[in-house]
Structures are given as C-alpha cells and as structure tokens.
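A structural walkthrough
The lines below spell out each chain.
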Amino acid sequence: MFEFHADRKRYFDIQILNTEKYVLPFIEKEFSLKPGMRVLEIGCGEGGVLKAFIDKGCTGVGIELDETRLVNAREWMKNEIAQGKVTFHSKDIYKATDADFGGAFDVIVLKDVIEHIHDQPKLIEWMKTFLTTNGVIFFGFPPWYMPFGGHQQICKGKWLSKIPYYHLLPTPIYKWLLKSNGENWEEMLEIKETGISIERFERICKAKGYKLINQTHFLINPIYEYKFGWKPKEQFGFVKALPFVRNFFTTCVYYLIQVKQN
C-alpha cells in the first residue's frame, strides 16, 4: 500500500474520486449543483476536491496557506487554470480580499479543514459574507474524540502512528510522549487545541444563524475505501442519537449548512 499522505499525486487522484463518489452526491441530496456555479475551497491543498467540482462544470477558487502544495495544484490543474476555470491563492483566509474571490460563491467547501482552524466561530460567521443568498457550505471532518482525531497517523514513529485515542491524554503527558519520541509535538498540540466535537460544531452553526440541511455520520470514513479497502458505513442510528458518546465511534461527519432566511 502506498504511503497515503506521502504520495501527493495519488492522494490528489483519490480526493477527486472520493469527492465524485461521496461528497457531490451528499451535497446534491439538498442542493443542485449546476454548471457555472462558483465554488470556494478553504484549505484546498493540491486541489483534488475542487477539481471534482470543476469537472462538473463549476468554476473554482482555492485558498491554501501552504504554497508548496499549490505548486502541485498548479501543475496538475494547469489546463483548468489556462481555461479560466480555477484560480489558487496562497494566503490566510482572513487576509483574502474581494479581488481574490471575484464575487460571492454558491458553495464553500471545507474538507478535513475546520478541525485545524483557530477561532472556528469567527470563520463560520465570516463565511456568510461570501455566500450567495441560497448558497451552502459543506464540511467534512473527523470528530476530535474519534480514535485518530489527533491525526496521530501522521506521526513518524510506527507505533505512535497506530495507537488510537492517546491524543485525549492530558496535555502535559501528551506533549511528553510526543517529544520523547521525536515527534513534531508543536504541530500535534496545535491540532489538540483546534479539534472539534460534533456537538460543538452544531452549536456554533446554530448560534451563527445557520440551519443544518443535511448531515451524515460515518462509522467508517469514505476515504478509508482508498486507504484500507474498507467499505464506507454510516453510523448506527442508536449511536448517532447518543450525544458526546457518538464522537468516540464516529470517524467522519459530513454536514451541509445554509444561512437561515428571515
């Protein structure tokens, strides 16, 4: 099996497939995607998720802090860029301007991103500014309390990358464990600071004036089909109905939200 996060071109291709097979159908259950619609992806990485929208006839803007990942995006999507279908910008989302965006968006996408954002209420409130009247925002993220919610799979050490739940240890112990094993403890502690639960996400959305128009909780994350060959599976209804407890056994959630109209 290839190194899932190390082989960036393979990961780019998988993001396209995963978006086509799972993300787009999830969105279209409640919101019809039409050619010409504008899509913003925050934290777009190499642009694989965004490319699936472009292939469907949308036009896109990708925002990504890590310029090295956009080097790949611009190479792998050079035809789409030349045709004016997509643009990429390397900057903090809060520093992006109207000139970067070129107008409002019908869809904003955050795939495996919200759990890395500081001050999540600020971002979720801020995105209203760049949505069309009936526009939607898609979120896909792992709840913090799930087995690998600390993203420990990115650790260099083989055993630390495979042990579940230890990211829930008290911060001093967690830091010592990572540091003593030569891991990038600063990055991992930042993830610990920004991790988000299902309940907290829903509370923020409602407090900021959004309605939840579609949601799916997964026992087995759709991306695991490509990572492990496991068939995606939605969460059991009785587990989904258990606040807080569900976070420990739900590997991924999809949400589609929309601003409430007065």
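The following refers to the structure shown. Keep in mind it's a predicted model, so treat the numbers as computed, not measured. (Residues numbered from 1 in each chain as written. Predicted model: local features only at pLDDT ≥ 70, side-chain atom pairs only at ≥ 80, totals over all residues. Heavy atoms only, no water.)

Moving on, we come to helix 9 (residues 198–207). Among all positions of helix 9, only I198, E199, F201, E202, I204 and C205 are buried. Next to the buried residues of helix 9 lie helix 6 (120–126), strand 5 (131–141), strand 6 (210–220) and strand 8 (252–259). (Buried < 20%, exposed > 50% of the residue type's maximum accessible area, 1.4 Å probe, protein only. Helix = DSSP H or I, 4+ residues; strand = E, 2+ residues; numbered from the N terminus. Contact = heavy atoms within 4.5 Å.)

Turning next to the packing of aromatic side chains. Scanning the model with the defined rule gives 23 aromatic pairs in all. On the numbers, 5.9 Å between centres and 85° between planes, the contact of Y224 with W230 is edge-to-face. Its relative accessible area of 12% is what places Y224 among the buried residues. A network of ring pairs unites the aromatic residues Y94, F101, F105, W126 and F130 as a single cluster. Positioned above the aromatic ring of W76, the side-chain terminus of K9 is 5.8 Å from the ring centre. Over the ring of Y94 we find K122; its NZ or CZ atom is 4.3 Å from the centre of that ring. (Phe/Tyr/Trp six-rings, centres within 6.5 Å; stacked < 30°, edge-to-face > 60°. Lys NZ or Arg CZ within 6 Å of the ring centre and 35° of its normal.)

Another aspect to go through is the layout of surface pockets. Which parts of space are left empty comes out when a probe the size of a water molecule is rolled across the atoms. When its volume is computed, the second largest pocket comes out at roughly 160 Å³. Lining the second largest pocket are K21, Y22, P25, F26, K29, T216, F218, P232, K233, E234 and Y254. At the level of secondary structure, the elements contributing two or more residues to the lining of the second largest pocket comprise helix 1 (8–28), strand 6 and strand 7 (233–234). For the lining of the second largest pocket, a count of residues per class yields six nonpolar, one polar and four charged. (1 Å grid on protein atoms, 1.4 Å probe; cavity = no way out; pocket = protein on both sides within 12 Å on 5 of 7 lines; lining within 4 Å. Points joined across faces, edges and corners; volume = space filled by probe spheres on them. Nonpolar A, V, L, I, M, F, W, Y, C, P; charged D, E, K, R; others polar.)

In short, the description is geometric, and any link to function would need to be established separately.
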